[in-house]
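Close look at the chain arrangement
Spelled out, the chains give:
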Amino acid sequence: MNDLVINYNGTPATTQDKVSVLTDNNEQSVQRLIRTYEADLREFGELNFHNVQVKAGLGLTYRKVYCLNEQQATLLLTYMKNTAKVREAKKILVKAFYDMRQKLQECQINGYKGQLAQHNAVIVDLRNQLKAYEFKAEPITKIERLEADVKYYKALAHNHKMDKEFYQRKTAQAEAE
C-alpha cells in the first residue's frame, strides 16, 4: 500500500479505511472502534476527519473518514485483536510512518537549503556591490592635497586677521574710555 501514510497538514497520518484494508477488518468495525475509544485517541492529538461523498442507492450520501496520527493509529491497532494480520499491519504501519517522517524531514531540509542558497546569493551580491564602491573611491593626488592645504591655511590666516582686528578695536575702545 503505497499511500498508507500521507502528509496531513505537515503531520504524517493515515485514515481509517487504510487501516481497515491493512488489518483485513471491515470499515464499520474500525470506525466503531474509533468512536468507542475516541477519548483515548484524543489524548494523542486532535481526532481529525473529513466527509467523503459516496453513492448510495439512487442518490449520494456522505461518510466520515477519520485521519489518525502515528500515535493514534498505533493505539487503535493495539485495541484490535492481536491476529497475525494485525501484527503484520503494525509492522507495515510503523515502517510507513517512519518513511513519511523521513520524507518530510528531507523536504524541510531541502527547504532550508533553498533558503540558505538564496541568502548566500544575496550576500555575494552585497559583497560585489561593496567592492564596486571601494573601487570608485579614487585616491587624492598630491596636487589636490596641496590645493586643499592652501585653502585651509588661507581660511586660517583670514580668521586670525579677523580676530586681531576685533581685539585691536576692543583694546582701542577700552583705552578711550
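Side note on the overall build of the chain
Along its length, the chain carries six helices and four strands. Beginning at the N terminus, the succession of helices and strands in the chain can be written as β-β-α-α-α-β-β-α-α-α. The C-alpha radius of gyration of the chain comes to 41 Å, more than 25% above the 16 Å expected for a compact globule of 177 residues. If you line up the chain on its principal axes, its C-alpha atoms span 120 × 45 × 40 Å. Taken across its 177 residues, the chain has 20% of its residues classed as buried. In the form shown here, the chain has an accessible surface area of approximately 13,700 Å², with 54% of it arising from carbon and sulfur atoms.

Notes on the sheet that holds strand S4 (residues 59-69)
Taken in spatial order, the four strands line up as S1-S2-S4-S3 in an open sheet, and their pairing is antiparallel. With partners counted over all chains shown, the strands left at the sheet margins are strand S1 (6-8) and strand S3 (48-56), one partner each. Across the sheet, the mean angle separating the axes of adjacent strands is 45° when strand polarity is ignored. Of the pairings in the sheet, the one linking S3 to S4 comprises nine bridges and is antiparallel in character. Bridged to Asn51 within S4 is Lys64. Each of strand S2 (11-15) and S4 touches helix H4 (residues 70-79); the most contacted strand, S4, lies at about 100° to it.

Some points on the packing of helix H1 (residues 16-23) against helix H2 (residues 27-36)
Orientation of H1 relative to H2, taken along the N-to-C sense of each, is 120°, at an axis distance of 9 Å. If you check the angle between H1 and H2, you find them oblique. Along this stretch, H1 crosses H2, giving a crossing that reads as right-handed. Contacts from Gln16, Asp17, Val19 and Ser20 in H1 reach Glu27, Val30, Gln31 and Ile34 in H2. Looking at the contact of H1 with H2 residue by residue, the class counts come to three nonpolar, three polar and two charged.

Reading the values: the criteria
Residues numbered from 1 in each chain as written. Predicted model: local features only at pLDDT ≥ 70, side-chain atom pairs only at ≥ 80, totals over all residues. Heavy atoms only, no water. Helix = DSSP H or I, 4+ residues; strand = E, 2+ residues; numbered from the N terminus. Rg over C-alpha atoms; globule rule 2.2 N^0.38 Å. Buried < 20%, exposed > 50% of the residue type's maximum accessible area, 1.4 Å probe, protein only. Areas by Shrake-Rupley, 256 points an atom, 1.4 Å probe, with all protein chains shown as cover. Pairing = 2+ DSSP bridges. Axes fitted to C-alpha atoms, helices over the stretch in contact; angles between N-to-C directions. Contact = heavy atoms within 4.5 Å. Parallel < 35°, antiparallel > 145°, perpendicular 65-115°, else oblique. Left-handed = near helix turned anticlockwise from the far one by under 90°. Nonpolar A, V, L, I, M, F, W, Y, C, P; charged D, E, K, R; others polar.

Such coordinate-based values are descriptive only and should not be taken to indicate function.
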